[in-house]
Amino acid sequence: MDRRALEALLKKVATGKTSPSAALEQLEGFPYAELEDLGVTLDTHRALRTGYPEVVYGEGKSDAQLMAIVGKLLEKETRVLVTRLDEARGQALVERFGGTFHALARCYEREAGAKLRPKGKTVTVVSAGASDAPVAAEAILSARVHGARTEQITDVGVAGIHRLTRHKRGLMEAGVLVVVAGMEGALASVVAGLTGRPVIAVPTSVGYGAAFEGMAALLGMLNSCAPGVSVVNIDNGFGAGRLAAQLARELK
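One structure accompanies this document, and this report is about it. (Residues numbered from 1 in each chain as written. Predicted model: local features only at pLDDT ≥ 70, side-chain atom pairs only at ≥ 80, totals over all residues. Heavy atoms only, no water.)

1. Remarks on helix α4 (residues 63-76)
The following threshold applies: Counting from the N terminus, the helices are the DSSP runs of H or I reaching at least four residues and the strands are the DSSP runs of E reaching at least two. Here, expected helix span is obtained from the residue count minus one, scaled by 1.5 Å. When a residue's accessible area, from a 1.4 Å probe over protein chains only, is under 20% of the maximum for its type it is buried; when over 50% it is exposed; and in between it is partly exposed. This arc corresponds to the set of directions leading from the helix axis out to the C-beta atoms.
Helix length check: α4, at 14 residues, gives a terminal C-alpha distance of 21 Å against a target of 20 Å (1.5 Å per residue), a fit within 8%. Taken residue by residue, α4 has Q65, L66, I69, V70 and L73 as its buried positions. For α4, the buried positions fall inside an angular range of 120° around the axis, keeping them on one side. Turned more than 90 degrees from where α4 packs its buried face, D63 and E75 sit exposed.

Next up, the structure:
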């Protein structure tokens with residue numbers, strides 16, 4: 001339940017359209033909901049505290065847990081996002097609850113209420129190569145679900161720097177930049193050196209043996225000589241998109 005839904009409920013109680021006991025039934029389990037038989041406790045208070053509902057990390061959860069979690073969230077939230085799903089489990093959620101499975105982003109999305117209108121500046125997601133596309137897609141979806149306008153620039157890695165410089169206007173017009181790169185992770189430093197926009201760097205687990213499944217990119221981004229670069233965890237497109245949306249919302 002978000003702030004608007006709670007305010008609407010309280011107004012109905014105040015005007016007599018809803019009885020206190022009926023309102024209490026709707027608030028039962030607030031601020032959490034337990035699915036004791038599945039070992040799950042959902043944070044139904046998060047949207048009221050932060051403006052964003054709980055997002056479900058799908059990997060490692062059983063099919064029964066996923067179905068129960070999404071069903072319970074849809075009782076209380078207008079939108080649900082589940083990350084890190086394979087196609088079979090994503091499509092199973094679509095068949096059960098409707099919504100959309102985004103195959104490249106590996107995410108399930110269901111919007112049950114009014115469409116969220118974008119607020120704030122644009123979040124532009126920049127990715128180094130086609131191998132980084134799944135993480136970039138997750139970042140874009142995450143930013144959009146959390147209320148940001150999004151743009152995308154793809155396949156502009158430092159091995160062909162001329163591919164990036166032709167997008168300089170797009171980089172400068174963005175409010176927040178999310179830069180997704182594997183290998184040595186140099187793209188984040190280059191982008192931060194070209195613009196004055198905040199850069200959220202996402203290292204990916206793309207690269208040969210010495211890339212150490214993203215550690216080389218992570219350390220390269222953390223050691224960036226360009227100011228204005230923050231770094232999220234390896235392959236964490238969701239976290240980068242969420243943070244970018246929060247920052248973009250505050251920019252004038």
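2. Considering the pattern of salt bridges
Here is the rule: Counted as salt bridges are all cases of a side-chain nitrogen of Lys or Arg within 4 Å of a carboxyl oxygen of Asp or Glu.
Within this structure, the stated rule accounts for six salt bridges. Between R249 and E250 there is a salt bridge whose closest N-O contact spans 3.8 Å. With a relative accessible area of 35%, R249 lands in the partly exposed category. Here E250 falls in the exposed class, since its relative accessible area comes to 55%.

3. Notes on the sheet that holds strand β4 (residues 79-83)
Adjacent strands of a sheet form backbone hydrogen bonds with each other and so pair up, either parallel or antiparallel. Stated formally: DSSP bridges decide pairing: two strands pair if at least two such bridges lie between them. Whether two residues touch is decided by their heavy atoms; if any such pair falls within 4.5 Å, the residues are in contact. Helix axes are fitted to C-alpha atoms over the stretch in contact, other axes to C-alpha atoms as well, and angles between N-to-C directions run from 0 to 180 degrees.
Strand order in this open sheet of four strands is β3-β4-β6-β5, and the pairing throughout is mixed. The sheet is open, and its two borders are formed by β3 (56-57) and β5 (100-102), each paired with just one other strand. Judged from the three bridges that link them, β5 and strand β6 (residues 107-111) form a sheet pairing that is antiparallel. Considered in β6, the bridge of T100 is made with E109. Most of the contacts of α4 go to β4, to which it runs at about 155°, and overall it touches β3, β4 and β6. Contacts from helix α6 (residues 133-145) reach β4, β5 and β6 within the one sheet, and its direction differs from that of β6 by about 20°.

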